[in-house]
Structure formats: C-alpha cells, structure tokens
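# Residue-level structural notes
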Amino acid sequence: GSFATLGPVLRMAHSEAGDYLVTIEEKSKATFLRAYMNWRCMSAGSSRVCVRMVGHKMEESYGETLKEQMSIVEMPLSDPPLCISCCPVNGDLLVGCKNKLVMFCLKYLVINQNLTVLDFERSLILHIDNLIPAEVAFCAGHIAITTELDVLILKLELVQQSTDGTEQCAHGVSTLEKPVDGGPSTHTLQLELDEFIICQKPVELLGEESKLCEIPVTLESTELPTEDTKHFQVQYLLFRRFTPDQSPFGFCEETKLHSVQLLPVYQTAHEETGNKRELLSLFCFFSLPHVGYLYSVGKLVELISTYQYSEKSEQAVLTPQFLHVITSENLQCFTVRCSAAAARDEDPYIDTTAKACPPVALDVCTLRMQLFIGPRAICHFKNHIILLTKANTEDITERRKPTRRMLSRKADSIKSRTNSESEPGWNLYIINTVSTIQLYREMVDYSRTYENVKTESCIHLLSEAHLLVRAAIMDPSFLKSDEKEELLRAFRESCAALGDCYSRFDTKDYHLALPYYRMSGLSMTEVLKRLVSEGDEIQTYERGFIFYLTHSLNEDLNEELSKESANKVLQIFCLADPVQLPNILCSPCMRNVCPLTAVKYLQKVENIMPSVVLTLTKAFMALKMGDLTMYEHEMDSYKETILACGFIGQPKLLRQHKKGIVTPTEFAVHLKEMQPGLLVAATVALHENSKIELEEADTFFKMLSSNSENAIPQLLVDFWEALLVVCSQEEIIQELLLRVTSQYVWRISNKQLPETKPLKTTEDLINSCNHFGLIFPWVTSIMSVGSPSDQDYHEDISKLQSLLCSQSINIASVLPVLEPLTEAGNVGLTIHVLCSTRLGKYEEAIDQLLKSCPDAAVLYAQHELKDDNRAVWWNKLLPELCKRTRLAGNDCPVLISSLKAETLSVVATELELRDFLSLLPEDGTAAFFLPHLLHCSQKKQLT
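Along each chain, residues carry numbers from 1 onward, in the same order as the chain's sequence is written. Selection of residues for local features in this predicted model requires a pLDDT of at least 70, selection of side-chain atom pairs for listing and counting requires 80 or more, and totals for whole chains, interfaces and linings are taken over all residues. The side-chain quantities take in all heavy atoms of the structure and omit both hydrogens and water.

## As for the overall build of the protein
A run of DSSP states H or I qualifies as a helix once it reaches four residues; a run of E qualifies as a strand once it reaches two. Both are numbered from the N-terminal end. In terms of regular secondary structure, the protein is built from 32 helices and 28 strands. Whether a residue is buried, partly exposed or exposed follows from its accessible area with a 1.4 Å probe, protein chains only, as a fraction of its type maximum: under 20%, in between, or over 50%, in that order. Burial statistics for the protein: of 943 residues in total, 47% are counted as buried. Sequence-distant contacts, at least 24 apart, represent 64% of the contacts inside the protein between residues at least 6 apart. Surface exposure of the protein reaches about 47400 Å², of which carbon and sulfur atoms provide 51%. Contacts are assigned to residue pairs that have any heavy atoms within 4.5 Å of one another. Values of accessible area rely on a 1.4 Å probe in the Shrake-Rupley scheme; residue burial ignores everything except the protein chains shown.

Right, dumping it as structure tokens:
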C-alpha cells in the first residue's frame, strides 16, 4: 500500500513502539512534522484518512471510524524541523531544530473498551545555544546529537521537583578555548574566512569531563503540571570534536559525521519474565566518511570499537550483531562487540573460572562485501536490510573532483532536493540477512582451516561465532524464536570449541579453557575423549588442558571417571605436573583409579620430592589395595603430630563432598577404628587452618559413627574438647562450651554412657585447657556424700563441674541447658550453687547449701566469700546459722559446729566489738559466744 504526503519527504523514521511513522516533509519552501498512525490499514485497501492536530481531543463517537482509517497527526513547531528520532524503548519522539531539541511523549488514549488511539504531548524543550543539529538519536532518556564535526551525548535524569515548581539545569560554564582580550574583530575574522579555513583542535571528553565542552543546555518543561509531571536535569556523557580530513594538497573531500544511532540491548529473556523487556546496556555509533566509532554509554562511557572503511562511507546502520555500511559501490558488513559488553553489564562476574566471554577489545572483522550500483540509503528491520540505490550516469571523475569548500558549523544541513519522481534508476532492495545458525556454521567451518596451525586466528573466528550466538540469545524475541533450541545448542558447541582451542594452543589466555568447558556442559570424560588420543602413545599437553583438569579434579564434581580414564589422567599428570599427583588422586572423580598404578607413580615422585602429604596418599592407596603392612610402614614414617598436620595439605584424604554432603573416606573410617586420636587431631588442624567448618565437622563425625542424625557420637565430643584446647576465636569458644555442656547434661540426665571411651579425662582437660577449671573443694565435699549411681557418670559430671568452675563459660547462656539437672541430687545442687555463685548470688547459694548440704556451707564460704564478698559472712551466713540452730536445737550438730568452728571466728576477726555484739542473738548462751567476744576484744587491744 501507499499514501500521499504533503510534498517531498526530507526525513522519515519508524517507531516499533506504537508502530507509527514520522516524517519531515517540504511544501512551498516550508517544512512540516507529521506522524502517521494506523498506516498499515492503507495496505489493506482502506483509503480513509483522518488529519488532526497534536493533542486534539478524540470524540468517542469516532471510535469505530478510527479503527479503519489512517490518522495523520500534525505537530506544529516554531522553528523548522531539521532531524527526528524515535525512542525504540517507549516510542517518544525527539525533533531537532536550530538551537533546540523538542521532545514529544507518546500517549495511549483510551477512547473506549475496544479502541486505544495514539497521540503525542510536547513535554520538554532542550535549548542549546549555537548548535544546528545534523542528526539526533533518542533512546531511554539518552540523546545523541551530531553537527558536521561534533558529537554530544546527554542523559536526561529524573529529579525531585524544586520548591518553585520549575526545574532548570545549565551546564557548560567552562569552555575549551577562551577568547583572548584584544583579539581581531568579528568583521576582520569574517573577511579572513575567504582565505583561511579555521579548524578547532580535536577533542574527546568522556563522562564527567564532558561537562567542560562549550555547549550549555537549558531545559524548559512544556507539559501541563500534574502530580505525575516528570522533572529532569541534564548529565553530560560524551563530547567529541573532529577535524576535517587533510592532505598536503588541501581538503580532498568534505568531512561530515553521519549515521548517529543509539542501540539498546535488553536483559536476557527468561521464561519467568516472559515478554517484559528491561534495558541492560546502551551503545552509540557515529561515523566519519572513512572511520566509524562505537561507544558504550550505559554504566560506563568508553570507546569499544573503531571501524576503518576501505572507501568513503555514505551511511551505516548498527544492530546487536552487525554493523552494515554502504559506500558508493558496496554494502559492507562488520562484526560488533555489543553482546560482549552487554554480557559483562548483565553479569559482572562473567570473567571467572565459571563463566567467560570474548573480550570487548577483540578486533572487529569484515564479514561480507556485496557490490551494488549507487547505494543511497540503508535501514534495518528484524532480519532484513532495506537498501535504496540510484544508478547514476554522470561522469565519476567529475563527481569526485576535489572541491575547496569552507566548512561552517552554521551551514544548513537540510537542502532541497530536485524532484526525483521523474528521475530514472531508483531501486529498492530488501535483503534477507543470513540466519544466525547458518552464519555461525560457516564461521566455525572457516575456523577449521586454522586449526592445525594453532594460531590466534582460529580463536578469533570462534570468538566471533560465539558472540554472534550470544547476541541472538540476548534478543528479546529469543524465547519465541523457532531456532531457540538450535541456538542454545550452538552456544554450547561454541563454548566447547573455544575450550578445545585454549586447551590445545599455547596461548597466554590458556586459563579460559576451564570456564568455556564449563559453559559447554561437557563432562570431564567427554573432554578427555576430545583431547586425548587413544592408545599408549606419548602426547604433549598444553597449559590450558592441565589447568582445566587440575581445577576440575580439585573441585567436588559429581562425576566418577572410569578406571581407564582415571589411569589416563594419572599418566597425563605424571608427564606434565607430577607434583600434583597426591592432590589428583584424592579427587572424588578418581575413585576408580588403579591403586597399584598410583603407588608406582607416587614412588617416582617421592624419590625426587618426598613429603608428608605424599606419604599419606601412599598409605591411602595401600588401604585401597588392602595391604596393611605397607599402610603401617608409611604411617610409621612420621610422628603422629606431623601426620596430623600433613592432612592440612590434602583434606580430601579424610573427607570428600558428594552431592554437596560431607562424606568420610576409607582412610577416615580406618583411623576411627585404629587411631581415633590422630583422626581428631587432624580434624582440629583442618578447622584451625580454615579447611573445614564447625558444622561440616559435625556432619563428618556423625556420618563416620553411623549414628542417628540427632545423636552425638563421643568422637565428636572428643573433637569439641580438643578444639577448645587450641581455639582462639571467642565466638567459636562459646559455641563449643555450649555444645559440650549440652552433651554432658544430656548424658547425665538420661543416664547414657558414651559409646566409646573418651580420649581425654577431666584431669587431662584441666591440665591442657584453661576453659576447664580446678574443681572447688566444697564441690568435692558435696559429691563425696553423693549416691553410688553418680559414680557411673563421674567423668561427665566432673567435666561439667570443671567447666562451671572456670571463668570462660557464659553462665546466663547455659542456664536453660542446665535445667534438666534441677532434681539431680547432689549433682544438681553443685550445678545450682556454681551458677548462683557465678551470677553473684552468694546469699541464694548459702540458702541452697544450708538447706541441702550444710556440711559444705563453711567450705563454700571459705572459698568464695573473700575480699568484697566477706560481708556475706556476718550479713547472711551468721544470722542464718543462728536461726537454723535455734530451730533445730541439738538435733543438728553440723550447724553448731559450722557456727562455732569457723563462722564466729571469721566474724570476730573482721568486725569491731560493738558490731559483733549487735549480731549475736539475744537469747543466745553467753558461754557459747564468750570465747569469740574475748578474741574480738583482745584484737582491739592489740591494735
């Protein structure tokens, strides 16, 4: 279909958002800005057209009519429009005029339930002094403007509304070249223009530095103020100024910028996000006749690629996969690095051992060059290139004759064209681009020509193929693509091919073999089949392959190599890096390796470089063979303490991860039965060297003891106790103290004996660990009259009491844990009194002792009531003893002896006579207290 315009179309743009066309048309030497809505109905045979002004209110009665007709929206401007650009994200329109840019927001007007009409609202004007835009590009609040030789990229940032309801922002107070006083007048300079060409210095300012350009920008909001009105400020992103191409013979041809474009790249689509498009990265392209420039202007402003053309370019169009350029006779195609930069924006950790992507700085390639007669314009839509050509009959040499023309920044960039309707030779080509998969296959096939020479060219071509597929996967339409599965398969294939290159070639980036193989999804067995030839012939292996194998084997992969593959890996490392053999043999992947072969290889290494880890590995292999004689010989080579430290060098000798779960090895199982002390010491060494976490160790010992999930094996308690001896981290110490306390209490209260003999007695712990204190005499006194059944759990009871007798444990935190021992006879009494004492509750402790075990009261007082606490003797102990003696009479000789033997002596020694007398009971027997009164009196006379 077709439709008429007012006159010749000077500029035209299509917006995918809203599916409208916008044009700058010329009629009677005047230019008009028009938008064509619902224009596709013209191709369906409809001839109805509605013309309306921008912002014109739609009547509901026109609803059905509007569905079947094209709407032309007239957008009057105070200045002639020079250039236009539509935002590919939201469909907003930007119009370039002399000294200003006008922004129109796309509006969706709901007429009724069945009809939504598009309209525009003029929302913002950017006033830019002394600037005549040749081209503009607009995307997601970013604006790129070019003149003949200058490029300026701005960003509109949302800000809070100011107090006066307006928002204005001007930048550019500094200039690059300040005028010098006393210089030539404007009239004189104008006369000199006929004789000289004045060029300013080339400049490139990125990021914050671009504020230094001499182009001030002022914002003027034109939309009606509402609660939802947006207010903006300008951020400068990039300014670049070029100089004309020069030669010894003057200016050989006119130099002008062209084809400015902002290209958005979106977040990779996923099933859960559906069709939702979220902007990820933004790129800006602009070109001179012989050079093109691609910048990233998203999170970081930087030059990504520079494109050198073989001849003068006329126009270019950028896509996420390619750059298409037309010259006077060719259509050229170049690769781009947008997907490489966007991948790093999406995943900042992409350059790790898990993921990789070809570098942004990778040199660009020319893919194709097709001959056309007189290309004039080019654009891109989905998988099509639309090319407009004009066969020209004029003399080529005449057309290319050099001209000396004064370059003026104020020269009008829009010129009236001659009527081309009657001119012959115009052609329109729609070129289908080669599918991504087909082009990928061609590039991979071509890369094989370099495979045997082992050059960087092979890696370069495969990297280009990889980026091609990656760009297709990042496209928002990927989820609905018919090639979805094929693209994903190609992505994995390209990763595998790159992994092969970095493994086989001697390159400085050999480490990339690992992440590319990981992204390929290949198993280690599959990689071995790709790179290792069958048979016994000796191969040379490059660093990339060894790097991949080393990392893969040292990680906890859920893959077991077959016996043949494991033996092959053993042979590879024996040749390439024999020192790594102990580490390799301890990998879970090597579980099926032949232990006899392994011992032979280890023996060769030991002759050159013996070590504890190597000896332990040989012992491990001996266990696998069932050769206990050899095992004992290897284990007797070093002292037990050295062996324990040897496990730090290779923890996988004791424990491995299988599907994320810590699993003890056969070595650990054997040590548990034969040398539990060495096993515990080794695990403590691993913990103290950050090779195993506390929770991991718990799981390790539980699995080793085959107990139920909740049961705590004695070997784990032994580990906690041993760790308390050496641990220096307060947080872990308190956690361990809480754990051992809980276990002691549980076993005492449940009358449960440990399943194995503890490695350390209470005395051992007191002598080696300052978290276990000497048991107080009064505690021993109480326990001496305990029940015989307590003797069965004597070790746990004494360890618990020893813990409470030290100053390390936080009593407040363990009180809930000690609750089950409330009614546990003398054991419970000692625990309660110890807790009360640690909490400073001495009077409560004395009450408990006098009630349950008065024999120990004086011993307790002698031990605890010292210094600042001595007053408890006469404030609490003496009155309580007197009171209880009075009530019990002669039936409780323990109270009388406690009162007479020690309490009255201490009080008489500490107090003045008057204070001492005031404490004595009024109904007391004088003869009973007289010796102590006499002692107190004599003490006064002596002093």
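## Let's talk about the pairing of strand S15 (residues 231–241)
Most of S15 is tucked away, with nine of its 11 residues classed as buried. Strands are labelled as partners when DSSP assigns at least two bridges between them. Judged from the 10 bridges that link them, strand S12 (residues 150–159) and S15 form a sheet pairing that is antiparallel. Opposite Val 151, over in S15, you have Arg 240 as the bridge partner. Pairing of strand S13 (residues 203–206) with S15 involves four bridges; the strand directions are antiparallel. Opposite Val 203, over in S15, you have Arg 241 as the bridge partner.

## A short note on helix H5 (residues 436–447)
By this rule the span expected of a helix is its residue count minus one, scaled by 1.5 Å. The end-to-end C-alpha separation of H5 is 16 Å, in line with the 16 Å expected for 12 residues at 1.5 Å each. For H5, the complete set of buried residues consists of Thr 436, Ile 437, Leu 439, Tyr 440, Met 443, Val 444 and Ser 447. Considered in projection along H5, the buried side chains sweep an arc of 165° and stay on one side of the axis. Contacts from the buried residues of H5 go to strand S21 (322–327), strand S23 (366–371), helix H6 (456–474) and helix H7 (484–504). Think of the arc as the fan of directions from the helix axis to the C-beta atoms.

## Focus: the sheet that holds strand S22 (residues 330–335)
The four strands are arranged S20-S21-S22-S23 in an open sheet whose pairing can be described as antiparallel. The open sheet is flanked by strand S20 (313–318) and S23, the only strands paired with a single partner. If you compare each strand with its neighbour and ignore which way they point, the axes differ by 15° on average. Fitting a line to C-alpha atoms yields each axis, with helices limited to the stretch in contact; the angle taken between N-to-C directions then spans 0 to 180 degrees.

## Quick word on the sheet that holds S13
A sheet is described by the order of its strands in space; here five strands give the open sequence S10-S11-S12-S15-S13, paired in antiparallel fashion. Looking at the sheet topology across the chains shown, the edges are occupied by strand S10 (135–139) and S13. Adjacent strand axes in the sheet meet at a mean angle of 20° when their direction is disregarded.

## Brief notes about the packing of H6 against H7
Across the interface, H6 lies against H7 with an axial gap of 9 Å and an inter-helix angle of 155°. In terms of orientation, H6 lies roughly antiparallel with respect to H7. Between H6 and H7 lies a crossing of left-handed hand. Between H6 and H7, the contacting residues are Cys 458, Ile 459, Leu 462, Ser 463, His 466, Val 469, Arg 470, Ala 472 and Ile 473 on the first element and Leu 487, Leu 488, Ala 490, Phe 491, Ser 494, Cys 495, Ala 497, Leu 498, Cys 501 and Tyr 502 on the second. Among the residues forming the contact of H6 with H7, the class breakdown is 15 nonpolar, three polar and one charged. These descriptions rest on fixed angle ranges, namely under 35 degrees for roughly parallel, over 145 for roughly antiparallel, 65 to 115 for roughly perpendicular, and the rest for oblique. Two helices that cross are described as forming a left-handed crossing if the nearer one is turned anticlockwise from the farther one by less than a right angle, and a right-handed crossing if clockwise. For this scheme, ten residues count as nonpolar: Ala, Val, Leu, Ile, Met, Phe, Trp, Tyr, Cys and Pro. Four count as charged, namely Asp, Glu, Lys and Arg, and the remainder, Gly too, count as polar.

## What about the side chain of Ser 806?
In this fold, Ser 806 is placed in the loop between helix H24 (794–805) and helix H25 (811–818). Identification of polar contacts relies on pairs of N or O atoms within 3.5 Å, with a donor-acceptor requirement for protein atoms, meaning one able to donate a hydrogen and the other able to accept it, and with residues adjacent in sequence counted only if both atoms are side-chain atoms. A polar atom in the side chain of Ser 806 sits 3.4 Å from the backbone nitrogen of Ser 808. When residues no more than four places from it in sequence are discounted, the contact partners of Ser 806 are Asn 770, His 771, Phe 772, Gly 773 and Arg 838.

## What to know about a nonpolar patch on the surface
Every patch collects residues that have over 30% relative accessible area and no salt bridge, joining them within 9 Å if they carry like charges and within 5 Å if they are nonpolar side chains (Val, Leu, Ile, Met, Phe, Trp, Tyr). Whenever Lys or Arg places a side-chain nitrogen within 4 Å of a carboxyl oxygen from Asp or Glu, that contact is recorded as a salt bridge. There is a patch of nonpolar side chains on the surface, built from Val 579, Ile 608 and Met 609 and spanning about 320 Å² of accessible area. Here Val 579 is to be found in the loop between helix H11 (563–576) and helix H12 (581–585).

## Notes on the pattern of salt bridges
One pass over the full model with this rule turns up 30 salt bridges. Of the charged contacts in the structure, one is a salt bridge between Asp 347 and Lys 355, with a shortest N-O distance of 2.6 Å. On the basis of relative accessible area, Lys 355 is assigned to the partly exposed category, the value being 37%. The shortest N-O distance in the salt bridge between Arg 739 and Glu 735 comes to 2.8 Å. Taken as a pair, Arg 739 and Glu 735 lie in helix H21 (residues 730–749) at a separation of four residues, close to a single helical turn. Residues joined in a network through salt bridges with shared partners are Glu 695, Asp 698, Glu 735 and Arg 739.

## A look at the environment of Ser 781
Here Ser 781 lies in helix H23 (residues 777–784). Measuring from C-alpha to C-alpha, the distance between Ser 781 and Ala 856 comes to 6.4 Å, with 75 residues separating the pair along the chain. The contacts of Ser 781, once residues within four sequence positions are left out, are Ala 856 and Leu 859.

## Observations regarding the state of the cysteines
Criterion for a disulfide: a pair of cysteine sulfur atoms at a distance within 2.5 Å. Inspection of the entire model under this criterion finds zero disulfides. The cysteine Cys 86 is free of any disulfide, with Cys 87 supplying the nearest cysteine sulfur at 8.9 Å.

## What to know about the nonpolar core
If you look at the biggest cluster of nonpolar residues, it comprises 115 residues, and the most contacted ones within it are Phe 545, Phe 667 and Phe 719. Not counting residues up to four positions away in its chain, the partners in contact with Phe 545 are Ser 503, Val 527, Leu 528, Leu 531, Val 532 and Ile 572. What makes a nonpolar core is a set of buried Ala, Val, Leu, Ile, Met, Phe, Trp, Tyr and Cys residues whose side-chain atoms join them at distances within 4.5 Å.

## Quick word on the confidence of the model for the protein
One confidence number per residue, pLDDT, is output by the predictor and ranges from 0 to 100. Overall, the prediction assigns the protein a mean pLDDT of 82, with 80% of residues at 70 or greater. Here residues 163–191 scores under 50 on pLDDT; set against residues more than four positions off or in separate chains, the count is 40 contacts. Counting interchain partners and residues more than four positions distant, the pLDDT-below-50 stretch residues 395–418 has 37 contacts.

## Concerning the environment of Thr 449
Relative to the elements of secondary structure, Thr 449 occurs in the loop between H5 and H6. Look at Thr 449 and you get exposed, because its relative accessible area is 53%. At a separation of 2.6 Å, a polar atom in the side chain of Thr 449 contacts the main-chain carbonyl oxygen of Tyr 446.

## Quick look at the pairing of strand S25 (residues 384–390)
Summarising the sheet, strand S24 (residues 375–381) and S25 pair through six bridges and their orientation is antiparallel. Counterpart to Ile 378 in the pairing with S25 is Leu 387. What sits between S24 and S25 in their antiparallel hairpin is a turn of two residues, with Lys 382 showing a positive phi close to 50°.

## Re the packing of aromatic side chains
Centres within 6.5 Å make a pair out of two Phe, Tyr or Trp rings, where for Trp the six-membered ring is used; the pair is then stacked when the planes are under 30 degrees apart, edge-to-face when over 60, and tilted otherwise. Evaluated as defined, the whole model comprises 19 aromatic pairs. Plain terms: the ring middles of Phe 242 and Tyr 293 are 5.2 Å apart, the flat faces sit at 35° to each other, and that makes the pair tilted. Taken together, the residues span a long stretch of sequence, with Phe 242 in the loop between S15 and strand S16 (258–266) and Tyr 293 in strand S18 (residues 291–297) at a distance of 51 residues. For Phe 242, a relative accessible area of 8% gives the class buried. With centroids separated by 5.6 Å and ring planes inclined at 20°, the aromatic side chains of Phe 286 and Tyr 295 adopt a geometry described as stacked. Exposure remark for Tyr 295: the relative accessible area of 0% places this residue in the buried category. Connected via pairs of aromatic rings, a cluster forms that spans Phe 242, Phe 286, Tyr 293 and Tyr 295. Ring-over charges, as used throughout, are those where CZ of Arg or NZ of Lys falls within 6 Å of the ring centre and within 35 degrees of the ring normal. If you follow Arg 240 out to its NZ or CZ, it ends over the ring of Tyr 293, 4.4 Å from the centre. Across the ring face of Phe 620, the terminal group of Lys 624 is positioned such that the distance to the ring centre comes to 5.2 Å.

## Notes on H23
Trp 778, Val 779, Ile 782 and Met 783 are the residues of H23 that are buried. Along the long axis of H23, the arc covered by the buried residues comes to 140°, so they all point the same way.

## What to know about the environment of Leu 522
Its place among the elements puts Leu 522 in the loop between helix H8 (513–520) and helix H9 (524–531). The class for Leu 522 is partly exposed, based on a relative accessible area of 23%. With residues up to four places along the chain from it excluded, the contact list for Leu 522 reads Ala 496, Tyr 517, Val 527 and Arg 530.

## Comments concerning the side chain of Arg 655
Tracing the backbone shows Arg 655 in strand S27 (residues 655–658). Buried within the structure, Arg 655 lacks any salt-bridge partner; its nearest side chain of opposite charge belongs to Glu 696, at an N-O separation of 4.7 Å. Among the polar contacts made by the side chain of Arg 655, one reaches the main-chain carbonyl oxygen of Lys 691 at a distance of 2.5 Å. With near-sequence residues (within four places) excluded, Arg 655 lies in contact with Val 662, Thr 663, Pro 664, Thr 665, Lys 691, Ile 692 and Phe 700. By the counting rule applied here, Lys and Arg register as positive and Asp and Glu as negative, while His and the ends of each chain are not counted.

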